[in-house]
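Notes for the structure review
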Amino acid sequence: MTRSVQSLVFRVTLGVLFLLLTGALFRLQVLKGEYYGRIAESNFVRIRRVVATRGEIYDSKYRPIVSNIPSHDLFLTSGRIGNTERLAVFLKAHFGIEPEELRKLVFEQRFKTYEEILLADNLPYEMILALSERMGDFPELTFRSGTTRSYMYPNHFTGYVGRIDEKEYSRYREEDYSLNAYIGKTGLESYYEVLLRGRDGKEIMQVDAQGKSLELFSENTSVPPQNGLSLILSIDNDLQEYANSVFPPGIKGCVIVSDVKTGGILAYLSKPDYDPNIFMQKISTEVWAGLNTPSKPLMDRIIHATYPPGSVFKTVTGSKGLETGVIDRYTRLASCRGGLKIGNRFFRCWSAAGHGSLNIVDAHRVSCDVFFYDLISKMDLDAVAAHARACGVVEKTGIDLPNERSGFYPDKQYYRDKLGVTSGLNGYKANLAIGQGEVLTTPLQMNTHYAAIARGGMWMQPHLLLQTMGSSRITRDQLQPLNKHPLPWSASTVQTIRDGLWAVTNAPGGTARAISVSGATSYGKTGSAQNYMGSVTHAWFCGFIETDKPEIVVTVFMENAGGGGAMAAPVANKIFNYYIGNLEKIRQPAPIPPQFRTREERTTAPPEPAAAPEETPEPQPEPAPEAPAEVPDEESGR
Ligand SMILES: [Zn+2]
């Protein structure tokens, strides 16, 4: 995550955290500050960190995607080390910890010799049993049970957590991380770190000279941890699994299914993928080598890669033609005879036989390149570039994931700076018109663009988070209002482009006749994009379906897989049909599971599905000492 995004998330969630923490912190720092300060100075007092339970991640029906599971960890208290040499031998033999690593850890802890350092995590239980007898020789070592993350399926959106590294530790020092802390490294685990993490508590013990607890303070000596919030995503695990099952094995690419109405992502599949669980243990060199192959399984092809969009981009060029008045829906442009001569170069149409002279609806239907070559030659490049940005296919979409990439659409300045070309841009423009040349987009940008068309011309920020659960319920929109803006398209432009997309999947000669969904009306566009990665084109399909209302937008992208109509559209068709075949099940909201119900929801008879966020009581200015109001109730039951 870039620093700016990270700090944005911190800013956004500051208000939330403030609400969560007011009670505990106020009590600790303001009322009891002096008291705790005094006892902490004493040599006979130890403050132990009570680690907050990290929030879990669920799909829209509260089915787990990321869970906490028990783990066995090994800790070292450096102040109690008897024989460093003997310890080093023991740790190297059983845990693979190098003596140098141990020396470094001990040195770093030299001012906190009473604090435990996490030496090794997620140890097999058999190992603990086997070593338990030897542990008497090493009073400085302690096994403790904690929790670790379990990821339900390979994916690119959850990300994973890992031990905090030195850079992160110094960056977030004020955020109260310990050196033993876990922190979200990528994906949602990183983006929503502030929400997921919660706040560690403290336990204060008075001890004798041997370090035994005296339990002199029986009351008011600890601050309970504030557990992290759980995330409820718009992802539908069934749809995600189905998309995974119909994506052809061995092909690199991605599938995005999003909800037209809300902009929520229902399925987010990038292939090849990886299992985030491998990062929960020390990674072997073999596993690491498997992740660093040319097929790049760690790369999220939905937002971390840009590709030439090819013909799925024709809606952008076409809508600009309609908006500028260069054409209307009936205007026929240059006749396609397998291509068009521009300057002294012949630009081919994908069909060598040619399409003749077409209007914009038919140009979409058969995906004639010549129509768009001719169209863009009548328009100003900078105007089209600005239009592309307004269509949502250049700038980052703002999805709630780190490190999203921008797309690219050149303007005149670009050609002046990069190529020294000041006139005669028609050849370059011809390529841009059909989504080739310098145009690059992420698959997610294309998905949001088609979602905007499905919505009648309203662009909306895509997102994965629906709302949080736990000690407070915050919807994605409450966390940070979702961006939406109308496309610069008149109603008649929207209608004309939609007619073109309808013809693609329904009319004779349409390039996506593979799409056939009974019970819904389908729209779409295929693309077969030439690229530098190989002689075979990238296959694209972007489209949507409607019943009595708009339903879902599907984007299928396949690297060097061939034609969009032959390769990508059939996958989208399966997903459309699966969705319509399971419409009632997918639409049906699930009841809130017991661990997330408020006291009120538990006592009032039939639990209603999550509606409005609950009314959380205002934080009381007067801190109540035994104030586990509803937090512990909601956080139980893991
Ligand atoms: Zn043509």
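Below, the structure is looked at part by part. All values reported here derive from a predicted model rather than from experimental measurement.

What about the sheet that holds strand S19 (residues 534-546)?
An order of S12-S11-S20-S19-S18 is seen for the 5 strands of this open sheet, with the pairing classed as antiparallel. The sheet is open, and its two borders are formed by strand S12 (265-271) and strand S18 (521-531), each paired with just one other strand. Each neighbouring strand pair of the sheet contributes to a mean axis angle of 10°, computed without reference to strand direction. As paired strands, S18 and S19 are joined by 10 bridges and run antiparallel to one another. Looking across to S19, one finds that Tyr 523 is bridged to Phe 544. Helix H19 (residues 491-506) contacts S18 and S19 of the sheet and is inclined by roughly 85° relative to S18.

Some words on the packing of helix H9 (residues 237-246) against helix H20 (residues 564-581)
Orientation of H9 relative to H20, taken along the N-to-C sense of each, is 150°, at an axis distance of 10 Å. Of the possible angle classes, the one that applies to H9 and H20 is roughly antiparallel. As H9 packs across H20, the resulting crossing turns out to be right-handed. Judged by residue contacts, Leu 239, Tyr 242, Ala 243 and Val 246 of H9 engage Val 571, Lys 574, Ile 575, Tyr 578 and Tyr 579 from H20. Along the lines of polarity and charge, the residues of the contact of H9 with H20 split into 8 nonpolar, no polar and 1 charged.

Focus on the pairing of strand S16 (residues 465-469)
Burial analysis of S16 places 5 of its 5 residues in the buried class, which makes it a mostly covered element. When strand S10 (residues 230-233) meets S16, the two strands line up antiparallel, connected through 4 bridges. For Leu 231, the partnering residue across the bridge sits in S16 and is Thr 468.

Description of the packing of helix H11 (residues 314-324) against helix H14 (residues 381-390)
Contact geometry for H11 and H14: axes closest at 10 Å, N-to-C directions at 120°. Relative to H14, the element H11 is oriented oblique. Judged by the sense of rotation from one axis to the other, the crossing of H11 with H14 is right-handed. Contact with H11, carried on its side by Val 316, Thr 317 and Lys 320, involves Val 384, His 387 and Ala 388 of H14 and no other residues of that element.

Criteria and cut-off values
Residues numbered from 1 in each chain as written. Predicted model: local features only at pLDDT ≥ 70, side-chain atom pairs only at ≥ 80, totals over all residues. Pairing = 2+ DSSP bridges. Helix = DSSP H or I, 4+ residues; strand = E, 2+ residues; numbered from the N terminus. Axes fitted to C-alpha atoms, helices over the stretch in contact; angles between N-to-C directions. Contact = placed C-beta atoms within 7 Å. Parallel < 35°, antiparallel > 145°, perpendicular 65-115°, else oblique. Left-handed = near helix turned anticlockwise from the far one by under 90°. Nonpolar A, V, L, I, M, F, W, Y, C, P; charged D, E, K, R; others polar. Buried ≥ 20, exposed ≤ 12 C-beta atoms within 10 Å, placed from the backbone.

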